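# A closer look at the structure
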Amino acid sequence: MTQKCLTLADPILPAPDVKRWSPGRKAAIVAALRTGAISRDEACARYLICDEELASWERAFDQNGVPGLRTTRQQSYRYAQLLQPAGRVRYR
């Protein structure tokens, strides 16, 4: 028996009735979008999510990978970005 190695080219999509979005399920949707396995409109309609939420998943995945898709982590990453200095500003 041979096992098939899964790649981004063969994403396994979650069931349409998902109630709990794990980071892996979100990553599967992002991978499917990127490979063209599913369109944005189709993903939004199938999973009952808005385009803005889908875009936020893509941003989180691009910035921090699968761990960035954890809801508890998104708050941490956002806070860390706010703490990074934009430039030296001196107050008198």
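The structure this text deals with has already been given above.
Attention here is on the structure that accompanies the text. Residue indices follow the written sequence of each chain, beginning from 1 at its first position. Restriction of local features to residues with pLDDT of at least 70 applies here, the model being predicted, together with a cutoff of 80 or more for giving and counting side-chain atom pairs; totals for whole chains, interfaces and linings are based on all residues. To get the side-chain values, take all heavy atoms of the structure and skip hydrogens and water.

Throughout, disulfides are identified as pairs of cysteine sulfur atoms within 2.5 Å of each other. Counted by the stated rule, this structure contains 0 disulfides. The cysteine Cys-44 is free of any disulfide, with Cys-50 supplying the nearest cysteine sulfur at 7.1 Å.

This paragraph deals with the packing of helix 2 (residues 40-47) against helix 3 (residues 51-64). For every element, the axis is a line fit to its C-alpha atoms; helices are fit only across the contacting stretch, and the angle between N-to-C directions ranges from 0 to 180 degrees. Elements are defined by DSSP. Helices are runs of H or I of four residues or more, strands are runs of E of two residues or more, and each kind is numbered from the N terminus. Between helix 2 and helix 3, whose axes approach to 10 Å, the crossing angle comes to 110°. Taken together, the axis directions place helix 2 and helix 3 in an arrangement best described as roughly perpendicular. Crossing handedness for the pair helix 2 and helix 3: right-handed. Between helix 2, through Arg-40, Ala-43 and Cys-44, and helix 3, the contact on the second element is made entirely by Asp-51, Leu-54, Ala-55 and Glu-58. What sets the label is the angle itself: under 35 degrees gives roughly parallel, over 145 gives roughly antiparallel, 65 to 115 gives roughly perpendicular, and the rest give oblique. Left-handed describes a crossing whose near helix is turned anticlockwise from the far helix through less than a right angle; right-handed describes the clockwise counterpart. Throughout, a contact is declared for two residues whenever any of their heavy atoms are within 4.5 Å.

In this section: the side chain of Glu-58. Following the sequence through the fold, Glu-58 ends up in helix 3. The residues touching Glu-58, leaving out its near neighbours within four places in the chain, are Val-30, Leu-33, Arg-34 and Arg-40.

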